[in-house]
Amino acid sequence: MAHEPRPQPPRRRLFWKQSPLNLAHEGVPLWAQTWGIPVLAVSLALLLTLTLEPFLQPTIFAFFYAAVAISAWAGGLGSGLLAAGLSLVGINYFLIAPMHSFAIAGFGSLVQM
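Residues numbered from 1 in each chain as written. Predicted model: local features only at pLDDT ≥ 70, side-chain atom pairs only at ≥ 80, totals over all residues. Heavy atoms only, no water.

Participant: Can you help me understand the overall build of the chain in this one?
Facilitator: Broken down by element type, the chain carries four helices and zero strands. For the chain, the sequential pattern of α-helices and β-strands runs α-α-α-α. Across the 113 residues in the chain, those meeting the buried criterion constitute 28%. Counting contacts in the chain only where the partners sit at least 6 residues apart, residues at least 24 apart contribute 46% of the total. Here the chain displays about 7,800 Å² of accessible surface, and carbon together with sulfur accounts for 71% of that area. (Helix = DSSP H or I, 4+ residues; strand = E, 2+ residues; numbered from the N terminus. Buried < 20%, exposed > 50% of the residue type's maximum accessible area, 1.4 Å probe, protein only. Contact = heavy atoms within 4.5 Å. Areas by Shrake-Rupley, 256 points an atom, 1.4 Å probe, with all protein chains shown as cover.)

Here's what the structure looks like:
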């Protein structure tokens with residue numbers, strides 16, 4: 001009598017979209033893929049933006065767009081939303097006047113975000 005392998009249960013996701021990037025076989029835990037990638041991507045975007053700000057003057061938010069897109073692709077909807085929220089906080093605090101404050105100067109600053 002041959003022993004048949006039991007079917008594996010489907011991977012649980014917190015949101016609807018299944019990620020095309022599956023790092024579980026590489027030893028990366030699901031929580032790190034879902035929540036770690038957005039934090040790293042937005043941190044890298046902020047670091048690059050602050051470093052290269054004089055060269056990026058017309059569009060200083062380009063790295064943040066990429067961070068949100070990569071996070072959403074790698075981890076799904078929840079990761080994309082987390083990256084968007086972290087980007088909003090980072091942009092408001094570090095790049096929009098008044099600097100190093102969460103205050104919004106006016107409607108123009110709100111539209112710029």
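Participant: Is there a simple way to think about the nonpolar core in this case?
Facilitator: Within the largest apolar cluster, 13 residues are counted, with the highest numbers of intra-cluster contacts made by Val 42, Ile 60, Phe 61, Phe 64, Ala 67, Ile 91 and Leu 95. Broken down by secondary-structure element, the contributors of at least two residues to this core are helix H1 (30-52), helix H2 (62-75) and helix H3 (77-94). Here the element with the most residues in this core is H1; it accounts for four residues. Among residues more than four places away in sequence, those in contact with Ala 67 are Ala 41, Val 42, Ala 45 and Ala 83. (Core = buried A, V, L, I, M, F, W, Y, C linked by side-chain atoms within 4.5 Å.)

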